[in-house]
Amino acid sequence: MASSTSLTSAPAPAPRRVAPAVRRLLGRGPGRRAAAEENRAPWRALRHRDMRLWSAANLVSNAGTWMQLTAQNLLMLQLTGSAAVTGLSLSVQAAPGLLLGLIGGAAVDAWPRRLTAAASQALLALVGLLTAALVVTGHLTVPALMALAAVTGLIATVDGPACSLLGNDLVPVEDVPSSIALGSVVSNVGRVGGTALAGVVIGWWGPGAAYAANGLSFLAVAAVIPFLRPHPAADQHGRPAARSFGSAAAPARRGTGARDGLAFFLRRPRLVALAVITALSGVFGRNYGLTLAVLVTGPLAGGAGAFGTVSTVLAVGGVAGAVLAGRLRRPSVRLVGALAAAGAVLQIAAGLSPRLWVLLLIVAPMAVVESVSDTAGTTVLQTDPPAHMRGRVLGVWRTASTGWSLIGPPLLGLLMQLAGARGALVAGGVLIAGAVGGGAVLRERRTRRAQEARTSGVPAGAGPEPAGPAGVPAPGLPARNLPAQRSAAPRPAPVHENADTACAPAA
């Protein structure tokens, strides 16, 4: 019996050794592979309670915003009967972002973030409810609607960067790409849902009800904000300690004015490069609603239904790209440039498509690349600057992006008049790919020269040391000085795999 017992009990430790390995292989255990996969999960930002609460509130707010925008366009058409005046109202709402984006960003840096976001949401709610009251009582006029649109745009210059940075405060820095990708999905779902709900709400209760619903959605967000708490590991690169709701801004900040933000932005090579890439892509590569509409209904001889199919494929590809972008951890400007170049190549192929089905095969990866590029670029924009400068950097970006959003469609329309839809797509793709490639070559040359200068002990940009032939010190220069200077020189820093990290963030 003893021997029988020993034989039956001998293999017992084996399952204990095998089971953890099997669990690691299946991703169910605490192994490194499972942990790494969890850290790269697209929706990892939702692990945090505050982000779940914030995303739910934003979904409601986005739906309300698109309901109001639909109602605003309908109201303006009803009051004026002019599509041009309706378009003008949208420009009036966008104008504060172009003119006052810098000031709005400076305000976000100077004021407590949660208090700023809650106050701006409450003001937007007041504007929506006031407009609803004017509609219901029959006192809404075109000048009043224009003024309310301008006020909405003015508040948005502060609300946009405040809410963007507040969302990033709720997760650790490595989860910021997931947070931004999640925000993109929430925005797209809110857009579809809000536009659909607008038709129902306006049809049953009129446009005033859409404004009232949007006002209530802003109040819901404002009510949620005081309960949000920044994540303890929100940023490991100089973000000030989390402040309580309504507390004063951190003291001893250097440069709190709008011009300081612009100067910082222009001194940051990677941010300038990001702006150039995004501007070129935004003007010549992303107005697919215009270029593909002309291509489908013109050279490809399709109708409105065919363009609707193309638009659906673009939307699905955009959502798929947002899911894929959620797996990013620390994207770089180099990645954004590579994605822009890839999108440009796909755009050239789309312009040369001989048939509609070929175009449908191309537009799906186009949308995926665009969505991933947007998330990567937004992540760099919101995490590269030090904490006390991020609001102003977003303010600079809002001003610049509003500018190229306004000039892009007319410029692209002129290009299509001269070269046609195919020519505009091909020319735009060549321009984007050429600019990205040229910038990469210049960057590589500058990096190589800097490395050579460090290796030789000569600072980059400095002239040669006063020495004679074959490195012999010039007359009057002690021979011991040259080795001393070289030995005191700091060792060359290793080059990071991302070329755009050569300029380290300020503390």
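Criteria and cut-off values
Residues numbered from 1 in each chain as written. Predicted model: local features only at pLDDT ≥ 70, side-chain atom pairs only at ≥ 80, totals over all residues. Heavy atoms only, no water. Helix = DSSP H or I, 4+ residues; strand = E, 2+ residues; numbered from the N terminus. Buried < 20%, exposed > 50% of the residue type's maximum accessible area, 1.4 Å probe, protein only. Contact = heavy atoms within 4.5 Å. Axes fitted to C-alpha atoms, helices over the stretch in contact; angles between N-to-C directions. Parallel < 35°, antiparallel > 145°, perpendicular 65-115°, else oblique. Left-handed = near helix turned anticlockwise from the far one by under 90°. Nonpolar A, V, L, I, M, F, W, Y, C, P; charged D, E, K, R; others polar. Phe/Tyr/Trp six-rings, centres within 6.5 Å; stacked < 30°, edge-to-face > 60°. Salt bridge = Lys/Arg side-chain N within 4 Å of Asp/Glu carboxyl O. Patch = residues over 30% accessible without salt bridge, like charges linked within 9 Å, V, L, I, M, F, W, Y side chains within 5 Å. Areas by Shrake-Rupley, 256 points an atom, 1.4 Å probe, with all protein chains shown as cover. Lys, Arg positive; Asp, Glu negative; His and termini not counted. Charge placed at Lys NZ, Arg CZ, Asp CG, Glu CD. pLDDT = per-residue confidence, 0-100. 1 Å grid on protein atoms, 1.4 Å probe; cavity = no way out; pocket = protein on both sides within 12 Å on 5 of 7 lines; lining within 4 Å. Points joined across faces, edges and corners; volume = space filled by probe spheres on them. Expected span 1.5 Å × (residues − 1). Bend = angle between axes of the 7 residues up to and from the residue.

Draft legend 1. Spatial organisation of the overall build of the protein. Looking only at helices and strands, the protein has 17 helices and zero strands in total. Looking at the 507 residues of the protein, the share that counts as buried comes to 40%. Taking the contacts inside the protein whose residues are at least 6 apart along the sequence as the reference set, 83% of them involve residues at least 24 apart.

Draft legend 2. Seen up close, the packing of helix H8 (residues 176-205) against helix H13 (residues 304-325). Between H8 and H13, the least distance of the axes is 8 Å, while the angle of their chain directions is 160°. Looking at the two axes, H8 sits roughly antiparallel to H13. In the crossing of H8 with H13, the sense of the turn from one axis to the other is left-handed. Contacts between H8 and H13 involve Pro 177, Ala 181, Ser 184, Val 185 and Asn 188 on the former and, on the latter, Val 319, Ala 322 and Ala 325. Considered class by class, the residues forming the contact of H8 with H13 number six nonpolar, two polar and no charged.

Draft legend 3. Examining the packing of aromatic side chains more closely. This structure, assessed with the given rule, holds three aromatic pairs. Both rings, one in Phe 265 and one in Trp 397, keep their centres 6.4 Å apart while their planes meet at 45°; by these two values the pair is tilted. With Phe 265 in helix H10 (residues 258-267) and Trp 397 in helix H16 (residues 390-456), this pair connects stretches of sequence that are 132 residues apart. For the pair shown, Phe 265 and Trp 397 are each scored as buried. For the ring pair Trp 397 and Trp 404, a centre distance of 5.6 Å and an interplane angle of 90° mean the geometry is edge-to-face. Of the two residues, Trp 397 and Trp 404, both sit in the buried class.

Draft legend 4. Structural context of the pattern of salt bridges. A complete count under the given rule lists eight salt bridges for this structure. The salt bridge partner of Asp 384 is Arg 268, with a shortest N-O separation of 2.9 Å. Pair noted here: Asp 384 is in the loop between helix H15 (356-383) and H16 and Arg 268 is in the loop between H10 and helix H11 (269-284), with a separation of 116 residues, a long-range link. We note that Asp 384, like Arg 268, is buried.

Draft legend 5. Just a positive patch on the surface, in detail. On the surface, Arg 445, Arg 446, Arg 448 and Arg 449 cluster together into a patch of positive charge. On the secondary structure map, Arg 449 appears in helix H16.

Draft legend 6. Structural view of the environment of Gly 208. Secondary-structure assignment places Gly 208 in helix H9 (residues 207-224). Put simply, Gly 208 and Leu 75 are 133 residues apart on the chain and 9.4 Å apart in space, counted from C-alpha to C-alpha. Those residues in contact with Gly 208 that lie beyond four places of it in its chain are Ala 132 and Val 135.

Draft legend 7. Focus on the confidence of the model for the protein. Confidence along the protein averages 80 in pLDDT terms, with 78% of residues attaining 70 or more. pLDDT under 50 marks residues 1-31. Its contacts with residues more than four places away, or in other chains, come to nine contacts. Segment residues 460-507: pLDDT under 50, and 48 contacts once partners within four positions in sequence are set aside and those in other chains are kept.

Draft legend 8. Just empty space enclosed by the protein, in detail. The final tally for this structure, using the stated rule, is two cavities of 30 Å³ or more. Of the pockets and cavities examined, the largest cavity occupies roughly 110 Å³. Taken together, 14 residues form the lining of the largest cavity, with Arg 286, Tyr 288, Ala 340, Gly 343 and Ala 344 sitting closest to its centre. Of all elements in the fold, only helix H14 (333-351) and H15 reach the threshold of two or more residues within the lining of the largest cavity. Within the lining of the largest cavity, the residues separate by chemical class into seven nonpolar, five polar and two charged. Taken together, Gln 68, Gln 72, Val 127, Thr 131, Leu 145, Leu 148, Ala 149, Thr 152 and Tyr 211 make up the lining of the second largest cavity. Of all the secondary structure elements, the ones that give two or more residues to the lining of the second largest cavity are helix H4 (49-80), helix H6 (113-137) and helix H7 (142-169).

Draft legend 9. Seen up close, H16. Taking 1.5 Å of rise per residue, 67 residues should cover 99 Å, yet H16 covers just 37 Å from first to last C-alpha, more than 12% shy of that figure. The sharpest bend along H16 measures roughly 115° and falls at Gly 420.

Draft legend 10. Inspection of the side chain of Asn 62 at higher detail. With respect to the secondary-structure elements, Asn 62 resides in helix H4. According to the relative accessible area criterion, Asn 62 is buried, its value standing at 19%.

Draft legend 11. Representation of a nonpolar patch on the surface within the structure. On the surface, a cluster of nonpolar side chains totalling about 620 Å² of accessible area is made up of Leu 98, Leu 99, Leu 100, Ile 103, Leu 154, Leu 406 and Ile 407. The set of elements that each furnish at least two residues to the nonpolar patch consists of helix H5 (83-110) and H16. By residue number, the principal contributor to the nonpolar patch is H5, which donates four residues. If you trace the backbone, Leu 100 turns up in helix H5.

Draft legend 12. Examining the packing of H4 against H9 more closely. Interhelical geometry of H4 versus H9 gives an angle of 155° and a closest axis separation of 8 Å. In this view, H4 runs roughly antiparallel relative to H9, as classed from their interaxial angle. Seen along the crossing, H4 lies across H9 with a hand that is left-handed. Contact residues: H4 offers Leu 53, Trp 54, Ala 57, Val 60, Ser 61, Gly 64, Thr 65, Met 67, Gln 68, Ala 71, Gln 72 and Leu 75, while H9 offers Pro 207, Ala 210, Tyr 211, Ala 213, Asn 214, Ser 217, Phe 218, Val 221 and Val 224. For the contact of H4 with H9, the class distribution of residues is 14 nonpolar, seven polar and no charged.

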